[in-house]
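Summary of the model geometry
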Amino acid sequence: MRRIVRILLLTVLLASTFLLAAPVTAQSDGPLVLVLTASGPLTPTMSDYIQRGLDRAAGQQAEVVVLQLDTPGGSIDLMNHIVQQIRSSSVPVVVYVSPQNAMAGSAGTIITLAGHLAAMAPETTIGAASPVGSQGEDIGETMESKVKEMLKASARTLTGQRPPEAVQLAQEMIESARAVTVDEAVAVGLVDLRAASLEDLLDQIDGRQVFLNDQTITLHTRGAEVQFLDFTFIEQTLQMLVDPNLVFLLLAIGVQALLIELSSPGGWVAGFIGVLCLILAVYGLGILPVNWFGILLVVLAFALFILDIKAPTHGALTIAGAGSFIAGALILFNGARPPGFPGVSVPLVIGSGIFIAATFFTALTFALRAQRAPVVTGKEAIPGRTGIVRRELNPRGI
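Computed from a predicted model, the values in this text were never measured in an experiment. (Residues numbered from 1 in each chain as written. Predicted model: local features only at pLDDT ≥ 70, side-chain atom pairs only at ≥ 80, totals over all residues. Heavy atoms only, no water.)

**Here we look at the packing of helix α2 (residues 44-59) against helix α9 (residues 233-240)**
For the pair α2 and α9, the least separation of the axes is 9 Å and the interaxial angle reads 150 degrees. Considered as vectors, α2 and α9 are oriented roughly antiparallel to each other. The way α2 lies across α9 gives a crossing that is left-handed. Residues T45, M46, Y49 and R52 of α2 form the contact with α9, whose participating residues are E235, L238 and Q239. Within the contact of α2 with α9, the residues separate by chemical class into three nonpolar, two polar and two charged. (Axes fitted to C-alpha atoms, helices over the stretch in contact; angles between N-to-C directions. Helix = DSSP H or I, 4+ residues; strand = E, 2+ residues; numbered from the N terminus. Parallel < 35°, antiparallel > 145°, perpendicular 65-115°, else oblique. Left-handed = near helix turned anticlockwise from the far one by under 90°. Contact = heavy atoms within 4.5 Å. Nonpolar A, V, L, I, M, F, W, Y, C, P; charged D, E, K, R; others polar.)

**Quick notes on the pattern of salt bridges**
Per the stated rule, a full pass over the model turns up 10 salt bridges. For E144, the salt bridge goes to K148, with nearest N and O atoms at 3.0 Å. Note that E144 and K148 are positioned in helix α5 (residues 141-158) at a spacing of four residues, about one turn of the helix. E144 sits in the partly exposed class, given a relative accessible area of 26%. Counted as one network, the salt bridges with shared partners bring together E144, K148, E149, K152 and E175. (Salt bridge = Lys/Arg side-chain N within 4 Å of Asp/Glu carboxyl O. Buried < 20%, exposed > 50% of the residue type's maximum accessible area, 1.4 Å probe, protein only.)

**Digging into the layout of surface pockets**
In this structure, the second largest pocket encloses a volume near 420 Å³. In terms of lining residues, the second largest pocket is bounded by 16 residues, among which R87, H116, L158, Q161 and F211 are the most central. Where the lining of the second largest pocket is concerned, the elements lending two or more residues are α5 and β9 (209-212). (1 Å grid on protein atoms, 1.4 Å probe; cavity = no way out; pocket = protein on both sides within 12 Å on 5 of 7 lines; lining within 4 Å. Points joined across faces, edges and corners; volume = space filled by probe spheres on them.)

**Examining the sheet that holds strand β3 (residues 93-97)**
Strand order in this open sheet of six strands is β8-β5-β3-β2-β1-β11, and the pairing throughout is parallel. The outermost strands of the open sheet, each flanked by one partner alone, are β8 (193-194) and β11 (225-228). Where strand β1 (residues 32-39) lies against β11, four bridges are found, and the strand directions are parallel. Across the sheet, V33 pairs through a bridge with V226, a residue of β11. (Pairing = 2+ DSSP bridges.)

**Section: the packing of aromatic side chains**
Applying the stated criterion across every chain, the model contains two aromatic pairs. Here the aromatic rings of Y49 and F231 are separated by 4.0 Å at their centres, their planes lie at 15 degrees, and the arrangement is stacked. Of this pair, Y49 sits in helix α2 while F231 sits in the loop between β11 and α9, and the two are 182 residues apart along the sequence. The two residues Y49 and F231 agree in class, both being buried. Where F248 meets F325, the ring centres are 5.7 Å apart and the plane angle is 45 degrees; that geometry is what we call tilted. (Phe/Tyr/Trp six-rings, centres within 6.5 Å; stacked < 30°, edge-to-face > 60°.)

**As for a nonpolar patch on the surface**
A cluster of nonpolar side chains, contributed by L249, I253, W268, V269 and I273, occupies part of the molecular surface with about 450 Å² of accessible area. Within the residue set of the nonpolar patch, elements represented by two or more residues are α10 (244-263) and α11 (269-287). Secondary-structure assignment places L249 in helix α10. Given a relative accessible area of 33%, L249 falls into the partly exposed group. (Patch = residues over 30% accessible without salt bridge, like charges linked within 9 Å, V, L, I, M, F, W, Y side chains within 5 Å. Areas by Shrake-Rupley, 256 points an atom, 1.4 Å probe, with all protein chains shown as cover.)

**A few points about the sheet that holds strand β4 (residues 103-105)**
Read across the sheet, three strands follow the order β4-β6-β7 without closing on themselves; strand pairing throughout is mixed. Edge positions in the sheet fall to β4 and β7 (179-181), since each of these pairs with one other strand and no more. In this sheet, neighbouring strand axes are inclined to one another by 15 degrees on average, regardless of whether the strands run parallel or antiparallel. In the packing of helix α4 (residues 107-114) onto the sheet, the strands contacted are β4 and β6 (125-127), and the crossing angle to β4 comes to about 110 degrees.

**Thoughts on the packing of α5 against helix α6 (residues 164-175)**
Relative to each other, α5 and α6 sit at 155 degrees, their axes nearing to 9 Å. Between α5 and α6, the angle is such that the two are roughly antiparallel. Classified by chirality, the crossing of α6 by α5 is right-handed. Residue-level contacts link K148, L151, K152, A155 and R156 of α5 to V167, A170, Q171, I174 and E175 of α6. In terms of residue class, the contact of α5 with α6 is made up of five nonpolar, one polar and four charged.

**With respect to the pairing of strand β5 (residues 117-120)**
Alternating residues of β5 divide into L117 and A119 and A118 and M120, and every residue in both groups is buried. Where β3 and β5 come together, four bridges link them in parallel fashion. Following the sheet pairing, V94 is matched in β5 by L117. In the sheet, β5 pairs with β8 via two bridges, with the strands oriented parallel. When the sheet's bridge partners are listed, M120 is paired in β8 with R194.

In structure tokens form, the structure reads like this:
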């Protein structure tokens, strides 16, 4: 227990040293535009990043925040949280769906509508906001009706100042998963403008009026200083954990490293690596849509590997463990596939399963050889051995 506690403390200390605070930038005399970039499925890290950006903008008295958005969507809870952040901001927020070929899909549709101004780059799309279950499956009829009505009410609130055609389109996106292009969205007034670039966007919104905190504010963005707020190192690392291939590798390495530490105690490197990998993997599993039945098969696989070393069955349990590991990983990550979340690579899973099985099979082979080797020390090694008596050391010949 003391070793495990030390490893956990060392892991936390090392991780905390990588927390990088965003650099403080001196304010200029002209207007300031702070640009945030949110790309990929919605995650808690993305929400924290947006809140950090809004706080930075308020502290620097920025003229406007531009949220460059490209997302297939995410959970309704995260969507609501980000919408609340935008609507409660003390600085106007322009949601800009970009770059070209980007999308504001599903929950991204509502986030776009939450902006004080909404813009889209050429060849972008918005819509398909019908709700689905956490694993991409259709939800029950009653629950679907409730969720759709709540989302449509939110859409009506956010589009209340837009033309009736825009309100109708927003509700169709939720009711029948309709999606439209940037030109179609601008034509009905669902979004405010079409901008080819960030510079074009700032030129177009210069002089526009937005309604913020019961006040009408005129934006002055032409020739403004533009600052980009990047993700910190920790935020970048956590954002990478929406990739199931990385989470799978962390899970495999972490469990194997802990097994090495427990089977041959005395060091701390393997245990430290194992704990760190498992902590990151558990975080990723908490974000990704996974089928938890798969984790049971993965645990069963490593139990079979250990049993084959403790009670050798000439590799039979190792082969069974490899099959259980491969099946568990595929079920864990590929059994739940809502839009926007990739699946795990099948060749990667099969290759990792074969490698881990080969590693345990090699350990099993050395264990069997050690058990069959003759005893070379102690009293057990004396029976049957031939001894030589030297007379100069034993004159009586006894």
